[in-house]
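Chain by chain, the residues:
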Amino acid sequence: MNQYHHSGRFSGLLIAAAIMLASCADQAAPNDSTTPSAKAQRIAAMKQVTDQHSFARPEEARIVHLDWSARIDFDARTISGTATYDIETAADAQRIVFDTHELTIEGVSVDGQPAEFSLGDAQPFLGRPLSIPISTGAKKVAIQYTSDPGADALLWVEAQGDKAPFLFTQSQAILARTWIPVQDSPGIRFSYDADVQVPEGLMALMSAENPTAMNPDGRYSFKMEQPIPAYLLALAAGQVEYRDVGERCAVYAVPELIDAAAYEFGEMEQLLLAAEELYGTYAWDRYDLLILPAAFPFGGMENPRLTFATPTIIAGDRSLVALVAHELAHSWSGNLVTNATWDDFWLNEGFTVYFEQRIMEAVYGRETSEMLATLSYQGLVDEVDAIQDLNPDDTHLKLHLQGRNPDDGMTAIAYDKGYFFIRLMEETVGRARFDAWLSDYFATYAFKGMDTERFVDYLKTTLLSDPTTLAAVNLDAWIYGPGLPPNCPSVSSPRIQNVDAALAAWEAGETSTADLPWNDWVYQERYRFLSNLADDTSVERMTELDNAWEIGATGNNEILFAWMEQAVRSGYQPAYPRLESFLIEVGRRKFLTPLYRAMKETDQMDMALAIYKQARPGYHAVATGTMDELLGWE
Ligand code: BES
Ligand code: ZN
């Protein structure tokens, strides 16, 4: 029995309901959800998993389809509309509970009749439960609402000069509830239709079947037939253009970026084909990419059919496409087989990093993917160092985020410890067997939730059924133990080793700057060199490097970032104007955190705060949340 069973959070767990309904961790695709035998099978295999980050009680009543009608108001910075849900209820269901966060609920109806509702007290991170009494057999619940101008999921980018305004959402992990009342738990899936009104001159896009041209009246309709969890609900509105880059792939971007984006991601279809070749047919029909404003707080977000991405991956030379491989891989790991709760986040990200690297290997070769794996290993060792002493439990794959912001789980542990664990299994059983197993896993659990305990059970009866293999892998150490277990696979990249040797020789004064093969290095090598410079590298030496390669002018934002972080640590002032303009333009948290932290750690807080004051209004809530804490901003 898994540990959630007796959590007792909901005293009224209805046994009959549990028998009537699939558990939130085990919901099947719509086609087989109606037949009694499919239901019975699901219940037989089912384990109760309680998501501590949602107020929903899917055992009693849950949503299965959303019909959303909404108006986007850029002046008021609100989304208002009606969310009408088809629901499934247990025989003795008395209410249906939704998640909301700073939403104004204007009215509710059940099966067309006005209905009562109540909003519970607000809880940190979680918002307020919206509880609606229902009687047996209720079929439809409609909720009329308006979002708050400060809604955490939303970033409203104002019009500037001749640039149109832009709006985008970021729902993962639990922010969907700030722009729509929903059962916001990754184990609860629903299909959706939407009708959205945006200002004239803008195109609206969702994680759904999308328009390819501007509609003069600003009205757009969407359809997502496959059931998805709420964190994959996404909306964007902006003046974007559409460009095909393959049969099933296209990019959307603002006019200034559309050509660059179409070139940069010209290989998307190849990535998609490689992915299918590895682990089975793509389930979502199209795979398109939307380039967002630079304020987007992440590198990418795997919104189904339409990955949202930062423009900072447009380098001009296709050197940062691994991010697209990553988001594409989520179309299987995450979007098909979904972490049942945020404590199981590693199941989404660990498999995705593994799959990403396999796509990269298939398309660009093992040398490239091993360089990436080496960088991932370094990131992991650094992360373990950083959190091991503070919060050792956060270095376990299986997390315990109850009472915390699930965002706390977004560390290199889920991604890179997850990756190395999966790679260990591959290396232990052999690639052929592993690949067959993984294809099977995706097929078996498609459109379902997966929690860690259930995954372990599955592993023990499939891939690791042989006791010797099981012992060799040592699941418990990886999943429920701290740090990096001793059987962590080793990566070796001769090219990265050469960089390390070149850096050591340069730092020891054995070679001169002119001897460094910078121009022969690809991005991963340059990044390794810059990110491993000693913290106390002198201004003179920084000047030498800058004069030799004009690093501040690179189009590769990963290289630029590594350079600026070192510039801060070295007090290399010629890089500061670029640092400032970068921090004002770019809101990607992965860059912001180390840059502001470097300023903080080197007694340059005045500069940090002066820049932050200017930049903060342009950042997304996900980024200001982290930066406010780091910089003590009030
Ligand atoms: N799903 C994540 C982004 C995410 C995770 C958003 C948790 C909110 C909460 C996405 O797939 C991701 O991992 N993005 C990475 C890029 C990737 C190449 C590691 C990012 O944005 O840095
Ligand atoms: Zn990811």
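Below or above, wherever it landed, is the structure these notes cover. (Residues numbered from 1 in each chain as written. Chains lettered and ligands numbered in written order. Predicted model: local features only at pLDDT ≥ 70, side-chain atom pairs only at ≥ 80, totals over all residues. Heavy atoms only, no water.)

## A few points about the coordination of the zinc ion (ligand 2)
- In the first shell of the zinc ion (ligand 2), the protein supplies H326 (NE2), H330 (NE2), E349 (OE) and E349 (OE), at 2.0 to 2.7 Å from the metal.
- For the zinc ion (ligand 2), the six donor atoms in the first shell make angles of 53 to 157° at the metal, so the coordination geometry reads as irregular.
- Along the chain, the residues that donate to the zinc ion (ligand 2) are spaced as H-x3-H-x18-E. With respect to burial, H326 and H330 carry one shared label: buried. (Donors = N, O, S within 2.8 Å, 3.2 Å for Na, K, Ca; no water. Tetrahedral: all angles 85-135°; square planar, octahedral: opposite > 155°, others 65-115°. Buried < 20%, exposed > 50% of the residue type's maximum accessible area, 1.4 Å probe, protein only.)

## Considerations on the pattern of salt bridges
- Enumeration over the complete set of coordinates arrives at 37 salt bridges.
- Here E453 and K398 are joined by a salt bridge, their closest N and O atoms 3.4 Å apart. One end of the pair, E453, is in helix 10 (residues 452–461); the other, K398, is in the loop between helix 7 (366–388) and helix 8 (412–429), and 55 residues separate them in sequence.
- The class for E453 is buried, based on a relative accessible area of 12%.
- Put simply, R616 and D628 hold a salt bridge, and the shortest N to O gap is 2.8 Å. Taken together, the residues R616 in the loop between helix 19 (605–615) and helix 20 (621–631) and D628 in helix 20 connect sequence positions twelve residues apart.
- Classification of D628 by relative accessible area gives buried; the value is 17%.
- The network of salt bridges with common partners includes E361, R366, E370, R423, E426, E427 and R431. (Salt bridge = Lys/Arg side-chain N within 4 Å of Asp/Glu carboxyl O. Helix = DSSP H or I, 4+ residues; strand = E, 2+ residues; numbered from the N terminus.)

## Topic: the packing of aromatic side chains
- Enumeration according to the criterion identifies 48 aromatic pairs in this entry.
- With centroids separated by 5.7 Å and ring planes inclined at 35°, the aromatic side chains of Y441 and Y458 adopt a geometry described as tilted. Pair noted here: Y441 is in helix 9 (residues 431–444) and Y458 is in helix 10, with a separation of 17 residues, a long-range link.
- Judged by its relative accessible area of 2%, Y441 falls in the buried class. (Phe/Tyr/Trp six-rings, centres within 6.5 Å; stacked < 30°, edge-to-face > 60°.)

## What to know about the site of ligand 1
- Ligand 1 sits among 15 residues. The nearest are Q172, G299, E302, E327 and Y415.
- One of the backbone N or O atoms of G299 is found 2.6 Å from an oxygen atom in ligand 1.
- Between ligand 1 and E302 there is a distance of 2.6 Å, counted from a nitrogen atom to a side-chain nitrogen or oxygen.
- Here ligand 1 has 530 Å² of accessible area as a free molecule, and 89% of this is covered by the chains.
- Looking at the shell around ligand 1, the elements with two or more residues in it are strand 18 (300–301), helix 5 (322–329) and helix 6 (345–364).
- Among the residues making up the shell around ligand 1, the classes are represented as six nonpolar, six polar and three charged. (Near = heavy atom within 4 Å. Polar contact = N/O pair within 3.5 Å; in protein donor to acceptor, adjacent residues only side chain to side chain. Areas by Shrake-Rupley, 256 points an atom, 1.4 Å probe, with all protein chains shown as cover. Nonpolar A, V, L, I, M, F, W, Y, C, P; charged D, E, K, R; others polar.)

## Some thoughts on the environment of P229
- Within the secondary structure layout, P229 lies in strand 13 (residues 219–229).
- Take P229: its relative accessible area is 0%, and that puts it in the buried class.
- Residues in contact with P229, not counting those within four places in the same chain, are S185, P186, I188, R189, F190 and T338. (Contact = heavy atoms within 4.5 Å.)

## Topic: the sheet that holds strand 2 (residues 78–89)
- Strand order in the open sheet formed by seven strands is 5-4-8-2-1-11-13, and the pairing between neighbours is mixed. The open sheet terminates on both sides in strands that have one partner only, identified here as strand 5 (113–114) and strand 13.
- Bridging between strand 2 and strand 8 (residues 140–147) involves seven bridges; their strand directions are antiparallel. Bridging across to strand 8, D86 finds its partner in K140. (Pairing = 2+ DSSP bridges.)

## Observations regarding helix 6
- Taking 1.5 Å per residue as the helical rise, helix 6 with its 20 residues ought to reach 28 Å, and the 28 Å between its terminal C-alpha atoms agrees with that figure.
- The element helix 6 is extensively covered by neighbouring structure, given that 17 of its 20 residues are classed as buried.
- Of the residues flanking the end of helix 6, it is G365, one or two places downstream, whose phi is positive at about 100°. (Expected span 1.5 Å × (residues − 1).)

## Some thoughts on the sheet that holds strand 16 (residues 250–253)
- With mixed pairing, five strands are arranged side by side in an open sheet as 15-16-17-19-18. A strand with exactly one partner marks an edge of an open sheet, and here the two such strands are strand 15 (241–244) and strand 18.
- Examined bridge by bridge, strand 15 and strand 16 share four bridges and lie antiparallel to one another. Paired with E241 across the bridge in strand 16 is A253.

So yeah, pure geometry; function would need other evidence.
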